[in-house]
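Each chain, written out:
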Amino acid sequence: MSARLNVNIDHVATIREARKTIEPSIVAAAVLCEQAGADGITVHLRGDRRHIQDRDIELLRDVVTTYLNVEMTSSDEMVAIAVRTAPDAVSLVPENPNEVTTDGGLNVAANFDSVQSAIDKLRRAGIFVSIFLDPVAEQIDAANRAGAQQVELCTAEYAELTLGSRAAHGDGAKRAAAEVERIRRSATHALDLGLKVAAGHGLTYRNVGALASIPEITEFNIGHNIIARSVFAGLENAVREMISAIRQGS
Ligand code: PXP
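Residues numbered from 1 in each chain as written. Predicted model: local features only at pLDDT ≥ 70, side-chain atom pairs only at ≥ 80, totals over all residues. Heavy atoms only, no water.

Student: Any chance you could break down the pairing of strand β8 (residues 217–222) for me, citing the residues and the numbers?
Tutor: Judged by how many residues are buried, β8 sits mostly within the fold: 5 of 6 residues are covered. The sheet contact formed by strand β7 (residues 196–200) and β8 spans 4 bridges and is parallel. Within β8, the residue paired with Gly 200 across the bridge is Asn 221. (Buried < 20%, exposed > 50% of the residue type's maximum accessible area, 1.4 Å probe, protein only. Helix = DSSP H or I, 4+ residues; strand = E, 2+ residues; numbered from the N terminus. Pairing = 2+ DSSP bridges.)

Okay, here's the thing in structure tokens:
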């Protein structure tokens, strides 16, 4: 069985916020993704509210019928919003003030107490908790000890190695294959601990296949590449094409 696809629709809100207006509708985007076969909707509520707003989470909670996954930091403010709006899942991510997008996984080992306390509050509210991590055993072990139910392996390094034609030049293919291997070993390690395994960040129609062939990975969170494609192909087609790329790889 191929992995589930949660479509990250942050960048629909990026276009809306560029004009501080009401279009394009985040609700319409979520419904179209679901109608095209997405298994869930992911949004990232950032501290600076550069795209998704608090009200978007409330609206999405009312309309998403598949699975609503909200990415956020483990701050008290964010945890309170999650407990109030009750998404199906929360993915804990790190956040640096000047980053363009999430810059690597959360260092759970270094922030253990605050992460554990956030997980505890979220799980007591009945929310499934995932942690976005670099694919290294020490972080996976820490996530498990902190009470996470899933790890989302950060694929940023793999995305970088496969960007454009990079994997076709020099030792590019070898380095990309080594990174797939590192992700595969991490996925097996997490599953052995009883954790579910997701993956995401920088994945595209071209590079998702190699990761879709890792059976331990049961969920992908993919955003930018789908929304970019939707500008030319329409959102429903863009989602269908990604589902097909995942199925072909698995
Ligand atoms: N997973 C996590 C934890 C993220 O922070 C992001 C970006 O918001 C994604 C997946 C999706 O990344 P991309 O937009 O590059 O597909």
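Student: Lay out helix α6 (residues 137–146) in plain terms, naming residues and giving numbers.
Tutor: Where α6 is concerned, the buried positions are Gln 139, Ile 140, Ala 142, Ala 143 and Ala 146. Buried residues of α6 fall within an arc of 160° about the axis and therefore sit on the same side. Away from its buried face, by an angle of more than 90 degrees, α6 presents the exposed residues Glu 138 and Arg 145. Those residues of α6 that are buried lie in contact with α5 (112–124), β5 (128–133), β6 (150–154) and α8 (172–192). Gly 147 occupies a position one or two residues after α6 and carries a positive phi of about 100°. (Arc of directions from axis to C-beta. Contact = heavy atoms within 4.5 Å.)

Student: Can you tell me about the pattern of salt bridges, naming the residues and giving the values?
Tutor: Using the criterion set out here, one finds 16 salt bridges in the structure. The salt bridge partner of Arg 49 is Glu 77, with a shortest N-O separation of 2.8 Å. Of this pair, Arg 49 sits in the loop between β2 (40–44) and α3 (54–63) while Glu 77 sits in helix α4 (residues 76–85), placing them 28 residues apart in sequence. A residue is classified by how much of its surface remains accessible, and Glu 77, at 45% relative accessible area, is partly exposed. In this structure, a network of salt bridges that share partners links the residues Arg 16, Glu 17, Lys 20 and Asp 56. (Salt bridge = Lys/Arg side-chain N within 4 Å of Asp/Glu carboxyl O.)

Student: Mind laying out the layout of surface pockets, listing which residues take part and the relevant values?
Tutor: Computed from the structure, the largest pocket encloses a volume of approximately 780 Å³. Along the walls of the largest pocket sit 36 residues, with Thr 101, His 201, Gly 202, Leu 203 and His 224 positioned nearest its centre. For the lining of the largest pocket, a count of residues per class yields 9 nonpolar, 19 polar and 8 charged. (1 Å grid on protein atoms, 1.4 Å probe; cavity = no way out; pocket = protein on both sides within 12 Å on 5 of 7 lines; lining within 4 Å. Points joined across faces, edges and corners; volume = space filled by probe spheres on them. Nonpolar A, V, L, I, M, F, W, Y, C, P; charged D, E, K, R; others polar.)

Student: Which residues make up the site of the ligand, and what are the values?
Tutor: In the region of the ligand, 14 residues are neighbours, and Thr 102, Glu 152, Gly 202, Gly 223 and His 224 sit closest. Residue Asn 8 places a side-chain N or O atom 3.4 Å away from an oxygen atom belonging to the ligand. Gly 202 is positioned such that a nitrogen or oxygen atom in its backbone is 2.8 Å from an oxygen atom of the ligand. Spatially, the ligand is embedded in the largest pocket. Here the residues of the shell around the ligand sort into 3 nonpolar, 8 polar and 3 charged. (Near = heavy atom within 4 Å. Polar contact = N/O pair within 3.5 Å; in protein donor to acceptor, adjacent residues only side chain to side chain. Sits in = over half its atoms within 2 Å of the grid points.)

Student: Describe the packing of α5 against α6, with residues and values.
Tutor: Look at α5 against α6: their axes get within 9 Å of each other, and the N-to-C directions meet at 45°. Relative to α6, the element α5 is oriented oblique. At the point where α5 passes α6, the crossing takes the right-handed sense. Between α5, through Phe 112, Val 115, Gln 116 and Ile 119, and α6, the contact on the second element is made entirely by Ala 142, Arg 145 and Ala 146. A breakdown of the residues in the contact of α5 with α6 according to their chemical character gives 5 nonpolar, 1 polar and 1 charged. (Axes fitted to C-alpha atoms, helices over the stretch in contact; angles between N-to-C directions. Parallel < 35°, antiparallel > 145°, perpendicular 65-115°, else oblique. Left-handed = near helix turned anticlockwise from the far one by under 90°.)

Function-wise, these values are silent; they only describe arrangement.
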